[in-house]
Amino acid sequence: MTVVEVQRGQGPIVLGQPHGGTFVPEEIHARLNQTGRALADTDWHINRLYKGLLGDATVVQSRVHRYVIDANRDPAGQSLYPGQNTTTLVPLTDFDGRPIWLEGQEPSEDEIEERREKFHAPYHAALQEELERVRVRHGVVILFDCHSIRSRIPFLFDGELPVFNTGTNDGTTCAPEVAQAVDAVARASGCTAVLNGRFKGGWTTRNYGRPDKGIHAIQMEIAQCAYMDETSPWTWRADRAERLRPHLKEMLDRLRALALSGALAEKGAPK
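So, here's what we can say about the structure. This structure is a prediction, so every number in the text was calculated from the model and none was measured.

## Things to note about the overall build of the chain
Summing up its helical and strand segments, the chain has seven helices and seven strands in all. Scanning the chain from its N terminus toward the C terminus, one meets helices and strands in the order β-β-α-α-α-β-α-β-β-α-β-α-β-α. For 271 residues, the compact-globule estimate of 2.2 N^0.38 gives 18 Å, and the C-alpha radius of gyration of the chain, at 18 Å, lies within 12% of that figure. Its C-alpha atoms put the chain at 55 × 40 × 35 Å along the principal axes. Summarising the internal contacts of the chain: among those between residues at least 6 apart in sequence, 79% fall at separations of at least 24. Carbon and sulfur atoms provide 49% of the accessible area of the chain, an area that totals close to 11600 Å². One finds the centroid of the 32 positive side-chain charges in the chain at a distance of 5 Å from the centroid of its 36 negative side-chain charges.

## Here's the deal with helix α7 (residues 238-261)
An α-helical segment advances 3.6 residues per turn. Residues three or four places apart therefore align on the same side. In this model, α7 (24 residues) spans 34 Å end to end at C-alpha, consistent with the 34 Å of a helix rising 1.5 Å per residue. If you look at α7, its biggest bend is around 25°, right at L244, and the proline P246 turns up within four residues after that. Buried positions along α7 lie against β2 (13-17), α3 (46-50), β4 (141-149), β5 (164-167), α5 (176-188) and β7 (215-223). Positive phi appears at G262, one or two residues downstream of α7, with a value of about 95°.

## Focus on the layout of surface pockets
The volume enclosed by the largest pocket comes to roughly 340 Å³. Lining the largest pocket are 22 residues, with Q7, Q17, N47, V59 and Q61 positioned closest to its centre. Looking at which element gives the most residues to the lining of the largest pocket, the answer is strand β1 (residues 4-7), with three residues. Across the lining of the largest pocket, the residue classes tally to eight nonpolar, 11 polar and three charged.

## Some points on the nonpolar core
One finds Y50, F144, F164 and I222 to be the most contacted residues of the largest nonpolar core, which totals 43 residues. When contributions to this core are tallied by element, the ones reaching two or more residues are β2, α3, β4, α5, β7 and α7. In this structure, I222 is in contact with L49, Y50, H147, S148, I149, V163, F164, Y227, L244 and L248, ignoring residues within four places of it in sequence. Judged by nonpolar contacts, the second largest core, of 29 residues, contains V4, V24, I69 and L89.

Criteria and thresholds
- Residues numbered from 1 in each chain as written.
- Predicted model: local features only at pLDDT ≥ 70, side-chain atom pairs only at ≥ 80, totals over all residues.
- Heavy atoms only, no water.
- Helix = DSSP H or I, 4+ residues; strand = E, 2+ residues; numbered from the N terminus.
- Rg over C-alpha atoms; globule rule 2.2 N^0.38 Å.
- Contact = heavy atoms within 4.5 Å.
- Areas by Shrake-Rupley, 256 points an atom, 1.4 Å probe, with all protein chains shown as cover.
- Lys, Arg positive; Asp, Glu negative; His and termini not counted.
- Charge placed at Lys NZ, Arg CZ, Asp CG, Glu CD.
- Expected span 1.5 Å × (residues − 1).
- Bend = angle between axes of the 7 residues up to and from the residue.
- 1 Å grid on protein atoms, 1.4 Å probe; cavity = no way out; pocket = protein on both sides within 12 Å on 5 of 7 lines; lining within 4 Å.
- Points joined across faces, edges and corners; volume = space filled by probe spheres on them.
- Nonpolar A, V, L, I, M, F, W, Y, C, P; charged D, E, K, R; others polar.
- Core = buried A, V, L, I, M, F, W, Y, C linked by side-chain atoms within 4.5 Å.
- Buried < 20%, exposed > 50% of the residue type's maximum accessible area, 1.4 Å probe, protein only.

What follows is the structure in structure tokens.
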């Protein structure tokens, strides 16, 4: 089983996809309870949603499910959203707060470290390698971290999530022009949209976003109702997806043009 899949492109955009994988090793799958085995918290169809939108983009995709280890969490285990309900480096519950492991089968600290080395570290090694390769080639690189989630999850947030949830950790992970380019498309799309709302960007965005070094990172969390059914079997809805994809394409096209224009290189040349 390949832990990470990389589709190498020559353009200035890297698409990170840490949560689209569904692989769970048999010995770990056997310890999940019925709730855990449903794998409900997958970013379903995320690779398909972005496929072909930007021909020269690089794609870095984890094949491992987040219940094995969450590739978008701080490897040290620090919470990204202190004081709010969230899931951990190796989740103990699903997004609804329900236990996902059989009683007594929760992973130990030693096992979590083993999984970090086996599954978390390779994803980020591949992502970092591609970010550096693209940065050297173009002078800048934009990491567009691709996520999706059910639109209603009371355990995590109130009400219904907007369709487009753009996160830059309150403006720290990219130049203002990057956030503005994406947010402008989101707000003109006719869909609901928010910038730095409930989802401000996960560990990936916060860890790699270094505008002063020419690395700009932005997270896009999409409400799954915009392109699929939010209940099992999590069916792809082509009619919805084909309305959504042009807006994502416009976001990526604008970011590509911005990166190639030289405007971002002036704000963060390679060091």
